[in-house]
Amino acid sequence: MRFSRYFVPTLKEAPAEAEVVSHKLLIRAGMVRRLTSGIYSYLPLGLRGICKVAAIVREEMNRAGASEVLLPAVQPADLWQESGRWEHYGKELLRFKDRHDRDCCFGPTHEEVVTDIIRGEIKSYRQLPLNLYQIQTKFRDEIRPRFGLMRGREFIMKDAYSFDRDDEGADKSYRAMFDAYCRIFSRLGLKYCSVEADSGSIGGSFSHEFMVLAQTGEDLIISCAACSYAANVERAELVPPRAEDIDATEPGEIEEVFTPSQQTVEEVAAFLSIQPSDIVKTILVYVDDSPVAVLVRGDHEMNEVKVKHFLNGQVLRFANPDEVKKLSGAPCGFAGPVKLKVGNIIADNALKARQGWVTGANKEDLHLKNVSLLRDAKITEWGDLRRMEKGEPCPRCGAPVDARRGIEVGHVFKLGTKYSEALKANYVDESGEDRPIIMGCYGIGVSRVLAACIEQNNDEDGIIFPPPVAPFEVMLLNLDVKNEEVSAKADEIYEYLAAKGIDVLLDDREERPGVKFKDADLLGSPMQLVLGRKGLERGIVEAKDRRSGMKVELSLDAWDKEFADWHAQVLEGWKNS
RNA sequence: CGGAGCGUGGCGCAGAUGGUAGCGCGCCUGGUUUGGGACCAGGAUGUCGCAGGUUCAAAUCCUGUCGCUCCGACCA
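Each value, and the rule that gives it
- Residues numbered from 1 in each chain as written.
- Chains lettered and ligands numbered in written order.
- Predicted model: local features only at pLDDT ≥ 70, side-chain atom pairs only at ≥ 80, totals over all residues.
- Heavy atoms only, no water.
- Salt bridge = Lys/Arg side-chain N within 4 Å of Asp/Glu carboxyl O.
- Buried < 20%, exposed > 50% of the residue type's maximum accessible area, 1.4 Å probe, protein only.
- Helix = DSSP H or I, 4+ residues; strand = E, 2+ residues; numbered from the N terminus.
- Axes fitted to C-alpha atoms, helices over the stretch in contact; angles between N-to-C directions.
- Parallel < 35°, antiparallel > 145°, perpendicular 65-115°, else oblique.
- Contact = heavy atoms within 4.5 Å.
- Nonpolar A, V, L, I, M, F, W, Y, C, P; charged D, E, K, R; others polar.
- Pairing = 2+ DSSP bridges.
- Left-handed = near helix turned anticlockwise from the far one by under 90°.
- Phe/Tyr/Trp six-rings, centres within 6.5 Å; stacked < 30°, edge-to-face > 60°.
- Lys NZ or Arg CZ within 6 Å of the ring centre and 35° of its normal.

Engineer: Even after reading the chapter, I still don't get the pattern of salt bridges, so can you show me in this structure?
Structural biologist: Side-chain pairing between opposite charges can occur once the charged atoms of the two side chains come close. Applying the stated criterion to the full structure yields 49 salt bridges. Measuring nitrogen to oxygen at the nearest pair gives 3.2 Å for the salt bridge that ties Arg 242 to Asp 245. Relative accessible area serves as the criterion here: at 51%, Arg 242 is assigned to the exposed category. Judged by relative accessible area, Asp 245 falls into the partly exposed class, the value being 43%. Note that Asp 565 is salt-bridged to Lys 561, the shortest N-O span being 2.5 Å. One end of the pair, Asp 565, and the other, Lys 561, are both in helix α16 (residues 559-576), four residues apart, so they sit about a helical turn from each other. Residue class for Asp 565 comes out partly exposed when judged on its relative accessible area of 40%. If you follow the salt bridges from partner to partner, you end up with Glu 59, Glu 60, Arg 63, Arg 183 and Arg 187 in one network.

Okay, here's the thing in structure tokens:
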């Protein structure tokens, strides 16, 4: 492409709306523009980036034996009522009515639609296994879209669905997708890892997430260097205290202590000159509208996902101040398990480690000392209810774990028969018996991958695209557009590269050199070729590796070889990084 | 939805105590420049988010409303 005729509206300043680096750079580089909250237009350069990602995804999906389809974005409500998700999906599902007043929705995911196709077409075990995928725009009406393409409401996703006759086959399909995902993210040049994950509202038995490591990631990943255990914090299992670590000494009599206006754990600890780990935090929540008190150690964090699963609940919300008052009889900050009038009190395993605790007294400005949860409280059940912290023992090998931030770019689920049973997608096996198809589903956030890629590859001058993702692999700068010889040579090199199948953007704008250098760095092509009058006189083209900043001069006399060597060398550098 | 903040030329912003809108970037014209976002001169562009209200007078005060961003519950 020729820059002068292409549409690349670059910006010197980052728009105020952008918070994270990928968002700022996507806008500054003229790749995207926001239409409204969480909804973006892809401009030519952005679309090229998306297409590059999609092409790799497509190749690897095809290679893994999946067949590409394109399913409808607008879907009828009855399908969703059949699966039960019309009720359960929540407000992220964008619902509307058509002119005939029929309920519809915009697909946030396509389990219902594929399963509907499959139940109509698949009758026999002979037709299985099968894997269908698509790359398509999804819509999820997120509560709070943020970080540009990272969490949009409208986004581009690759979603695949596998159909198998039995568990063994389903596991094979899952494995095939897992491997394909590894190949995809490696080819895209991303630093990623796969972690055990919670399966969330899509449902199913087990799942893994693919995370791109980045400080701005919204997810926390627990990983163990010693045994390669890795999991999302939502999921990371904690080992209960070992028998020998338990101090069973029974404390003395319960004692009320005056703690005026000391509401937070930190305040109470400071006021009583004790550690936060000497305190039991009592968190009042509602799970599916019934009240629950969750007990965790003062220095620990409750894990809402774990609590939800522990109670087999769908929705968890915190009690509001009025409800706290009603449930505990005291304002926020003074709830405690002793004589608490909440039927369901669940406690984290870590609280088994000892007996004497400080807790709220369920009375304003009072706490209790010497509380034994076994003696003084009615604990319904104990369990793993908190978030793992950095440095805690790995559930597999006991070594201290590390915590890092990540962006979820892919997710593989083993669904089982959740949808096939709800929608009656059965097949007939060898013995003539009807059986539900075993399903799996596999997503990649294509637009998010582009953002994550920029998040991971940038510097103060702009984007540094890995070659496979770069909208243009080479940017060719003609510094003297008005000089006919220079322009003729630039055109010649442009044609040469194009003929080699290299995506090249020729900057033929009537701009000063400085503008072109700045834009080239901003747009992030991994390779820059610079041709000017001075260089042409000396018979050279200057070549810059965007990532290392290394510049070399390529002789025009030996162009074929010198360019090929340099090109290979830059690509090699990326592979080894 | 709860908490915080912001809406003023295309972009980034300034406009106390009310007096009829300005700066930088960008854009247009001409000239001088031309290897890391040039300079000079001239020029265009605003129903100050929207709707009410107070006032002789509102970007500024009041009320409502819409939109956006950020912090918490969702997820690719």
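Engineer: Help me out: how do you make sense of the packing of helix α2 (residues 44-63) against helix α12 (residues 446-456) in this one?
Structural biologist: The relative placement of two packed helices is expressed as an angle between their axes plus a distance between the axes. Here α2 crosses α12 at 105 degrees, and the two axes come no closer than 9 Å. When the interaxial angle is binned, α2 and α12 end up roughly perpendicular. Between α2, through Gly 46, Gly 49, Ile 50, Val 53 and Ala 54, and α12, the contact on the second element is made entirely by Val 446, Ser 447, Val 449 and Leu 450. A per-class count over the contact of α2 with α12 returns six nonpolar, three polar and no charged.

Engineer: Is there a simple way to think about α12 in this case?
Structural biologist: In terms of burial, α12 is a largely internal element, 11 of the 11 residues being buried. Buried within α12 are the following residues: Val 446, Ser 447, Arg 448, Val 449, Leu 450, Ala 451, Ala 452, Cys 453, Ile 454, Glu 455 and Gln 456.

Engineer: What's the story with the pairing of strand β17 (residues 344-348) in this structure? I'm lost.
Structural biologist: Each regular strand carries side chains that alternate between the two faces of the sheet. The element β17 is extensively covered by neighbouring structure, given that four of its five residues are classed as buried. Sheet topology places strand β15 (residues 290-297) next to β17; four bridges connect them, and they run parallel. Within β17, the residue paired with Leu 295 across the bridge is Ala 347.

Engineer: Explanation requested: the side chain of Glu 112 in the structure shown.
Structural biologist: For Glu 112, the location among the structural elements is in helix α5 (residues 111-121). Residue class for Glu 112 comes out buried when judged on its relative accessible area of 0%. Residues in contact with Glu 112, not counting those within four places in the same chain, are Leu 79, Trp 80, Ser 83, Arg 85, Tyr 419 and Leu 423.

Engineer: I would appreciate a short explanation of the sheet that holds strand β28 (residues 504-507) in the present structure.
Structural biologist: What links the strands of a sheet is backbone hydrogen bonding, and the strands pair in either a parallel or an antiparallel sense. Here five strands make up an open sheet; going across it, the order is β28-β27-β29-β30-β31 and the pairing mixed. Unpaired on one side and paired on the other, β28 and β31 (551-555) mark the two borders of the sheet. Sheet twist, expressed as the mean angle between neighbouring strand axes with direction ignored, is 25 degrees. The sheet contact formed by strand β30 (residues 540-545) and β31 spans five bridges and is antiparallel.

Engineer: I keep staring at the packing of α2 against helix α6 (residues 167-187) and nothing clicks. Help me out?
Structural biologist: Packing of α2 against α6 leaves a shortest axis separation of 9 Å and a crossing angle of 150 degrees. The orientation of α2 relative to α6 falls into the category roughly antiparallel. Every pair of crossing elements has a handedness; the one defined by α2 and α6 is right-handed. In this structure, α2 uses Ile 56, Val 57, Glu 59, Glu 60, Met 61 and Arg 63 to contact α6, whose residues at the interface are Met 177, Ala 180, Tyr 181, Arg 183, Ile 184 and Arg 187. Residues of the contact of α2 with α6, tallied by class, amount to seven nonpolar, no polar and five charged.

Engineer: Explanation requested: the packing of aromatic side chains in the structure shown.
Structural biologist: The geometry of two aromatic rings is summed up by the distance between their centres and the angle between their planes. Taken as a whole and assessed by the stated rule, the structure comprises 14 aromatic pairs. Seen in terms of ring centroids, Trp 80 and Tyr 89 are 5.8 Å apart; in terms of plane orientation they differ by 80 degrees. Their pairing is edge-to-face. Pair check on accessibility: Trp 80 and Tyr 89 agree, each one buried. Both rings, one in Tyr 496 and one in Trp 559, keep their centres 6.0 Å apart while their planes meet at 70 degrees; by these two values the pair is edge-to-face. In this pair, Tyr 496 sits in helix α13 (residues 484-499) while Trp 559 sits in helix α16, placing the two residues 63 residues apart along the sequence. Here the two residues Tyr 496 and Trp 559 agree in accessibility, since each one is buried. The rings of Phe 178, Tyr 181, Phe 185, Tyr 192 and Phe 210 are connected pair by pair, giving a single aromatic cluster. In this arrangement the basic side chain of Arg 354 is found over the ring face of Trp 357, its NZ or CZ atom lying 4.6 Å from the centre. For Arg 509, the ring lying beneath its charged end belongs to Phe 3, and the centroid distance is 3.8 Å.

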